[in-house]
Amino acid sequence: MLYFSRLKMILIWLAVAVTVILAAPNLFPASMLAQLPSWVPKRQMTLGLDLQGGSHILLQMDQNDLIKDQLETTRDEIRTLLRDAKIQYTGLGGTGRTVQVRINDPSQVDAAKNALKPITNPVTAGLFSGGSVQSMTLDDSEPGLLKFTVTDAGIKYRTSTALSQAIEVVERRVNALGTTEPIVQRQGDDRILVQVPGLQNPQRLKDIIGQTAKLTFQMVDTSVPVQDAMKNRPPPGDSVLYSQDDPPVPYLVENRVIVSGEDLSNATPTYNSQTNEPVVSFTFNSRGATRFGQATQQNVGKPFAIVLDNQVISAPVIREPILGGTGQISGNFTAESANDLAVLLRAGALPAKLTIIEERTVGPGLGQDSIHAGKVAGVIGSILVVAFMFVAYGFLGFIANIALAVHVAMIVGALSLLGATLTLPGIAGIVLTIGMAVDSNVLIYERIREERRNGRSVIQAIDTGFSKALATIVDSNVTSLIATVVLFFLGTGPVKGFAVTYAIGILTTVFTAFTFTRMLVAIWLRRARPKELPRAPVTFIPPGTKIPFMGIRRWTFALSSLLSVLSVVGFLTIDINYGIDFKGGSIIEVQAKQGDADLGDIRNRLSELNIGEIQVQQFGAPNDVLIRVGTQDAGENAEQTVIDKVRGELQDQYDFRRVEVVGPTVSGELAKQGTIAMLIALVGILLYVWFRFEWQFAVGAIVATVHDVVMTIGFFVLTGLEFNQSSLAAILTIIGYSLNDTIVVYDRVREDLRKYKKMPLPQLLNNAINETLSRTTLTSVTTSLALLALVLFGGEVIRSFTLAMLFGVVFGTYSSIFIAAPLLILFRLRPQAATEEEKKPVNGKALTT
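Residues numbered from 1 in each chain as written. Predicted model: local features only at pLDDT ≥ 70, side-chain atom pairs only at ≥ 80, totals over all residues. Heavy atoms only, no water.

(A) Spatial organisation of the overall build of the chain. Helices and strands together make up the secondary structure of the chain, namely 26 helices and 24 strands. When burial is assessed residue by residue, the chain has 52% of its 849 residues classed as buried. For the chain, contacts bridging at least 24 residues in sequence account for 75% of all contacts bridging at least 6. Carbon and sulfur atoms make up 56% of the accessible area of the chain, which totals about 38,600 Å². Within the chain, the 73 negative side-chain charges are centred at a point lying 12 Å from the centre of the 74 positive side-chain charges. (Helix = DSSP H or I, 4+ residues; strand = E, 2+ residues; numbered from the N terminus. Buried < 20%, exposed > 50% of the residue type's maximum accessible area, 1.4 Å probe, protein only. Contact = heavy atoms within 4.5 Å. Areas by Shrake-Rupley, 256 points an atom, 1.4 Å probe, with all protein chains shown as cover. Lys, Arg positive; Asp, Glu negative; His and termini not counted. Charge placed at Lys NZ, Arg CZ, Asp CG, Glu CD.)

(B) Main features of the sheet that holds strand 14 (residues 264–271). Reading across from one edge, 14-15-18 is the order of the three strands in this open sheet, with antiparallel pairing throughout. Of all the strands in the sheet, just strand 14 and strand 18 (326–329) have a single pairing partner and so form its edges. On average, each strand axis in the sheet is inclined to that of its neighbour by 25 degrees, with strand direction left out of account. Both strand 14 and strand 15 (residues 278–284) contribute to a ladder of seven bridges, which runs antiparallel. Each residue of the ladder has a partner; that of Pro269, found in strand 15, is Val280. Each of strand 14, strand 15 and strand 18 touches helix 11 (residues 335–347); the most contacted strand, strand 14, lies at about 175 degrees to it. (Pairing = 2+ DSSP bridges. Axes fitted to C-alpha atoms, helices over the stretch in contact; angles between N-to-C directions.)

(C) Summary view of the sheet that holds strand 21 (residues 585–592). Taking strand neighbours across the sheet as the criterion, the eight strands line up as 9-10-2-19-24-21-23-22 in an open arrangement whose pairing is antiparallel. With partners counted over all chains shown, the strands left at the sheet margins are strand 9 (183–187) and strand 22 (614–619), one partner each. Across the sheet, the mean angle separating the axes of adjacent strands is 20 degrees when strand polarity is ignored. When strand 21 meets strand 23 (residues 621–629), the two strands line up antiparallel, connected through six bridges. For Ser586, the partnering residue across the bridge sits in strand 23 and is Val629. On the sheet, helix 7 (residues 152–175) packs against strand 2 (54–61), strand 9, strand 10 (191–197) and strand 19 (354–362) and is oriented at approximately 170 degrees with respect to strand 9.

(D) Representation of the pairing of strand 23. Of all nine residues making up strand 23, seven are buried, and the element is well covered by its neighbours. Note: strand 22 against strand 23, six bridges, orientation antiparallel. Along strand 23, the bridge assignment pairs Phe619 with Ala621. Linking strand 22 to strand 23, which pair antiparallel, is a turn of one residue; within it Gly620 sits at a positive phi near 90 degrees.

(E) Representation of the layout of surface pockets in the model. Space inside the second largest pocket adds up to approximately 1,600 Å³. Taken together, 45 residues line the second largest pocket, and the ones lying closest to its centre are Asp69, Glu72, Lys214, Thr216 and Glu262. Secondary-structure elements contributing two or more residues to the lining of the second largest pocket are helix 4 (63–84), helix 7, strand 11 (215–220), strand 12 (238–243), strand 13 (250–260), strand 14 and helix 11. Examining the composition of the lining of the second largest pocket, we find that nine residues originate from one element, helix 4, more than from any other. Class assignment of the residues belonging to the lining of the second largest pocket gives a composition of 16 nonpolar, 14 polar and 15 charged. (1 Å grid on protein atoms, 1.4 Å probe; cavity = no way out; pocket = protein on both sides within 12 Å on 5 of 7 lines; lining within 4 Å. Points joined across faces, edges and corners; volume = space filled by probe spheres on them. Nonpolar A, V, L, I, M, F, W, Y, C, P; charged D, E, K, R; others polar.)

(F) Structural context of the environment of Ile356. Here Ile356 lies in strand 19. It is 7.5 Å that separates the C-alpha atoms of Ile356 and Gly210, two residues lying 146 residues apart in sequence. Beyond its immediate sequence surroundings of up to four residues, Ile356 is in contact with Ile57, Leu58, Leu59, Lys206, Glu636 and Gln640.

(G) Expanded view of the packing of helix 22 (residues 695–719) against helix 25 (residues 799–826). Orientation of helix 22 relative to helix 25, taken along the N-to-C sense of each, is 145 degrees, at an axis distance of 8 Å. The hand of the helix 22/helix 25 crossing is right-handed. (Left-handed = near helix turned anticlockwise from the far one by under 90°.)

(H) Region of interest: the packing of aromatic side chains. For the structure shown, the criterion picks out 24 aromatic pairs. Three or more aromatic residues joined by ring pairs form one cluster here, namely Phe549, Tyr578, Phe715, Phe716, Phe723, Phe807, Phe811, Tyr814 and Phe818. (Phe/Tyr/Trp six-rings, centres within 6.5 Å; stacked < 30°, edge-to-face > 60°.)

(I) A look at the packing of helix 15 (residues 458–490) against helix 23 (residues 725–755). It is the contact of helix 15 with helix 23, at a shortest axis distance of 8 Å, that shows an interaxial angle of 160 degrees. One finds that helix 15 runs roughly antiparallel with respect to helix 23. Considering the relative orientation of helix 15 and helix 23, their crossing is right-handed. Facing helix 15, whose interface residues are Lys468, Ala471, Thr472, Asp475, Ser476, Thr479, Ser480, Ala483 and Leu487, helix 23 presents Ala729, Leu732, Gly736, Tyr737, Leu739, Asn740, Ile743, Val744, Asp747, Arg750 and Glu751. For the contact of helix 15 with helix 23, the per-class residue count stands at nine nonpolar, six polar and five charged. (Parallel < 35°, antiparallel > 145°, perpendicular 65-115°, else oblique.)

(J) Main features of the nonpolar core. Core analysis: the biggest nonpolar cluster contains 144 residues, and Ile462 and Val749 have the highest contact counts within it. At 16 residues, helix 25 tops the list of elements feeding residues into this core. If sequence neighbours within four positions are ignored, Val749 has contacts with Phe697, Leu764, Leu765, Ala768 and Leu824. Residues Met61, Val169, Val170 and Val280 belong to the second largest nonpolar core, which totals 51 residues. (Core = buried A, V, L, I, M, F, W, Y, C linked by side-chain atoms within 4.5 Å.)

(K) A look at helix 11. For helix 11, spanning 13 residues, the distance from its first C-alpha to its last is 18 Å, which sits close to the expected 18 Å at 1.5 Å a residue. Inspection of helix 11 places Ala338, Asp340, Leu341, Ala342, Val343, Leu344, Leu345 and Ala347 among the buried residues, and these make up the whole buried set. A positive backbone phi angle near 100 degrees is found at Gly348, which sits one or two residues after helix 11. (Expected span 1.5 Å × (residues − 1).)

(L) Representation of the side chain of His707 within the structure. With respect to the secondary-structure elements, His707 resides in helix 22. You can call His707 buried: its relative accessible area is 7%. Excluding anything up to four places from it in sequence, His707 contacts Ser560, Ser564, Phe811, Tyr814, Ser815 and Ile819.

(M) View of the environment of Leu563. Mapped onto the elements of the fold, Leu563 is located in helix 17 (residues 553–573). When its relative accessible area of 30% is taken as the criterion, Leu563 is described as partly exposed. Distance from Leu563 to His707, taken between C-alpha atoms, is 9.4 Å for residues 144 residues apart in sequence. Apart from the residues within four sequence positions on either side, Leu563 is in contact with Met711 and Phe811.

Now the structure itself:
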């Protein structure tokens, strides 16, 4: 195990050098890297929106809009086809998903069905979409009545087509804002994800991408006073529309569209040469210019309305025919609103309304604060872990610290190479792996000490320590990796960033501990030729402890049972403080522009807005405030209205640093995904442990893990900490950590089962726990030190995550000693079983590793 050929050593050092080179660009500003030669690696980690600031917006397409448009199109098509066929009809209308028409003459029903056949003809769905789609079906079961119904397949096809079109429109709109590296992508069947980093004005982004921007030019009907139309009923073919003025002005507008936004070829913001007011100049394409020219020739002296999303922007009078195909749209524009309208018109109209169902916006100031807090927590956590390792292991601790530095460099290098996104929970993941990375070194070093105490030489003890620790290291890290993979696939946003960072950390831990550390130790042995292992300045756990853990197992079972029952009862009777991820609503973090924040004033001002349940609390510094607003009964759009009201009320005195809005649709999905993630992680770990050990070990490990999860939930109930997606990530990480500890104990139990075939099981378990006690304790200490740095210096945003992790590490250590091991007695595991398994594997599972 300790022999390294020259080629192998070169490859290891080369791997380390490559990761350091890949990680190095993150130490320098981008402006400095731009001056270096092209062959020098310059790729840096991509910062998440929570670190660099920006907006994450999830949009959902309204299928009802698509169905409504389909019905309107079908009605117009039926009217045109029947008129062309000279067939008399009545009762043309639609409700729900059906359009119906009654044919007056029964003898013309067949002719009508033949004339309307194009409506039910299959629609070509494209080469990769399964050929054709039947979008409408005909029901003629009632004599003389023809019913056309939109099919599910037709809705799905139209939604898919409209979503693709909407993505293109949104991309054009976002790109026109001049942002860097925006992301616009499909999510699911009817959603669009928009991520715009570094955005200074998130409200403008929402206004730009959320507006349908359906522009039409329609004639104003002056034959009837608009007030009469409002009192009675508008004439057939007319509608009453209102202007954007305050108060709005009503207009009686013909439904017939002269030209629409589809006929525009360009739109630019400019200024009126006479009034110097901002306007939008537009140019029609050839078809639009012809239609507009004909309409203006026929209606000189009459007003026409320029309508945007059913609101009249302006209604100028046609003084003379407009034949040049150009014109201007005037209104109460500012320079920015004129530019935004031009952007909307150039990008084109959305095929259907897009509703914001989730929003997470972070200001650049908060992002910089989060980066600073992460750096401080990382440095302090690293110093604590490095100092502890040196105190606990002396020179071997110094070697472990070198491996720890390489471990961090490999994480950063891998994140840079993969282009992975580093989020604030991701920084927490790096700091956490710093504490857990030394776990493998502790496991190896404690095994080396044990082998030396048993009489082996220094070289033999080191060689045996590495070889015997390998299986345990692999088993314990695989269980953590299973939970992390589940978190990656079912998590979203920053939580997924944590999963990526943590998974890379697990993989690099195995490499640095078993390969790089082993090579450094081998080099030290060859050069120093020591006669004894290096002494540690402090011995935390004296060797040869004989603590009778099994003697108090009934008391620990009773205590754990009582605490578990209390946790479950508390969870069922006391409302856990669910965050908006799981119950919907809004979170707004603001910072006073001058002096300390006045919580009472904020609370009173917001209470007058009639926006439902409000919580206002200090969040860190005295000038920082966190505002929580409960979910709105009126639906997704009402959530956005809340943000607009709060912003309008407070923006003069407070800077908006973070806004998160989760509608009821997304919150329900996140809760479901969280439950599924927990179950999948537990089942996956159960199967792996069952495969590697025996059923008693697998069930014992799962029971101990469920115990830790229940305790952590009880911790949230007791403390009132917010339970959000980060908290769920903490629980899944605790699952992996708890299993990590338990498997180390179980591995030693399995080894002792082979070694002491006649030893009573309680005594054997005491022996195994005492042999691994130093490893269990020291690992818990190093991980707790890293987590303590995160709790104290990592900032308020991840406070609930880090506190839950710290609690979970403590209880995970407790459960691996006082729950997992005693359960083997309850499950009647006996040393005699090991004798039989050495002769013949049971269920294909051998005890040897």
